Amino acid sequence: MWQLTAGSVVVGMALAAAAVAAAGPWDSGQRKAEREWAVAQSRTGGAHHDPAAPRTPAPAPSAAGVLSALSAPGSEPPNAGTASVDLKKKLGPLLDDPALGEARSASVIDATTGEPLYGKAAGAPMTPASTVKIATMAAALSALGPDHRIATTVSSTADARRITLVGGGDATLGRAGLSALADDTARALRDRGVTKVEFRYDTSLYSGRREHPIGPNDNIAPVVALMADQGRLDASRRGPAPRSGNPAGDAARVFAGLLRERGIRTTAAPEPGKPPKGSKTVARTYSRPLSDLVERALTESDNDIAESLARQTAIAAREPASFEGAGRAVGAELRKLGLPVTGARFADGSGLNRQDKVSAALLTALLARAADPARPELRPVLTGLPVAGFNGTLRSRYADAGPGAGLVRAKTGTLTGVNALAGTVVDGRGRLLAFAFMAGSTPAPGSAQKALDRLSAALVP
């Protein structure tokens, strides 16, 4: 009997581990924190668990279900005036911290009702750094939908003697995707009896300047419609890394090598060029769904994905797929959502450009719109936010911020002299709060980040 019991335990643990692994990194871990808060309001903190509680993973409810639970009878918000006074007492002194520099703004609202709970210069446009990705992601999801996938294709002339690798703007394309594309391309050519081709690659989907205005930088590759592994010159998959000056050409050369491995030779090294008239698509590979790309971009603050999705929004709006066209498209999409964009400027999609301007009020309104049960397509904006002390750009933060770890979910923003934090937290009354704290002319990033962490942690009961 004991052998049977032990064997069952081992099998059960293996199945549970497989289920967790299959769930993926972006959704499972973050929604676990959300689930625990939503269904365990009587607990005093993320580290306090009832011994009688189930110890096996349980599926998280949908975001809409979580929001419904937060609005259930018995969790009514306190008097608005009292709440505002309490937050002013808690947040005012923290916002006065000299570590936050000379320019500061703040906005805290009830994400369910949109009711302002605290504000200081909330409508003042400021440089948002990477918190502008919240706007970029919301615009992309609104324009394209969460199920949209970005295609990279290969076209062929009628005689199959010339092929063109056509970039569609997938900033997550890697060797696996190129390998699958090479498999299908080689099969199509062999079916035509062709083993040697002229090879071109097409990046004409994007227009305007390729280099980000900040110039060559380890935080972003040249913004082009075709790249592999984000143009990284090392084995990293996230964060800063040396980047290629010609990621499209590099991707084409990798693809040519993959074709050679499959018995298809090219007449010369790949060169830029559009498909000839009359060419037809013979192979295609797709990115992950847009919802996954949004979550990854927000969790890891991925600049390459952010710029790609800004241009996808431009294409959907029939704007040029350039920095300027993307900025117009993002702004227009946010206006369609009824958001306060007065004074906002979207000079890029990633927040690396200091010419970006948004207000704290716009950021909290964006988060509230993503929490709206009537806007389920925007939900990845919330599920993609890093969890304090747990993952993404908040993985190593909140060690000194009291109860914030595991409970605050927020997008970071960091440039020299600029620090920002915008996200959500559930307060002691069960309300989902959206907050945004922005600081300019900060003297040092480390002390400014700790000050922002303390501000957001003060919202936790």
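All of the points below concern the structure found in this document. (Residues numbered from 1 in each chain as written. Predicted model: local features only at pLDDT ≥ 70, side-chain atom pairs only at ≥ 80, totals over all residues. Heavy atoms only, no water.)

### What to know about the overall build of the protein
In step 1: In terms of helices and strands, the protein carries 13 helices and 11 strands.
In step 2: Classification of the 461 residues of the protein by burial places 51% in the buried group.
In step 3: Within the protein, contacts between residues separated by at least 24 positions form 70% of all contacts whose residues are at least 6 apart in sequence.
In step 4: Total accessible area on the protein is roughly 20,100 Å²; 54% of this is exposed by carbon and sulfur atoms. (Helix = DSSP H or I, 4+ residues; strand = E, 2+ residues; numbered from the N terminus. Buried < 20%, exposed > 50% of the residue type's maximum accessible area, 1.4 Å probe, protein only. Contact = heavy atoms within 4.5 Å. Areas by Shrake-Rupley, 256 points an atom, 1.4 Å probe, with all protein chains shown as cover.)

### A few points about the packing of aromatic side chains
In step 1: The tally for this structure, following the rule as stated, stands at 2 aromatic pairs.
In step 2: Pairing Phe 199 with Phe 255 gives two aromatic rings, centres 5.8 Å apart and planes at 50 degrees, and the pair type is tilted. With a gap of 56 residues between them, Phe 199 in strand E5 (residues 196-202) and Phe 255 in helix H7 (residues 247-261) connect regions that are remote in the sequence. Comparing Phe 199 with Phe 255, the two get one shared label, buried.
In step 3: Between the aromatic rings of Phe 435 and Phe 437, the centroid separation amounts to 5.5 Å while the plane-to-plane angle is 25 degrees, which identifies the pairing as stacked.
In step 4: You can call Phe 435 buried: its relative accessible area is 0%.
In step 5: If you follow Arg 311 out to its NZ or CZ, it ends over the ring of Tyr 206, 5.5 Å from the centre.
In step 6: The ring centre of Phe 323 lies 4.3 Å from the NZ or CZ of Arg 311, which sits over that ring. (Phe/Tyr/Trp six-rings, centres within 6.5 Å; stacked < 30°, edge-to-face > 60°. Lys NZ or Arg CZ within 6 Å of the ring centre and 35° of its normal.)

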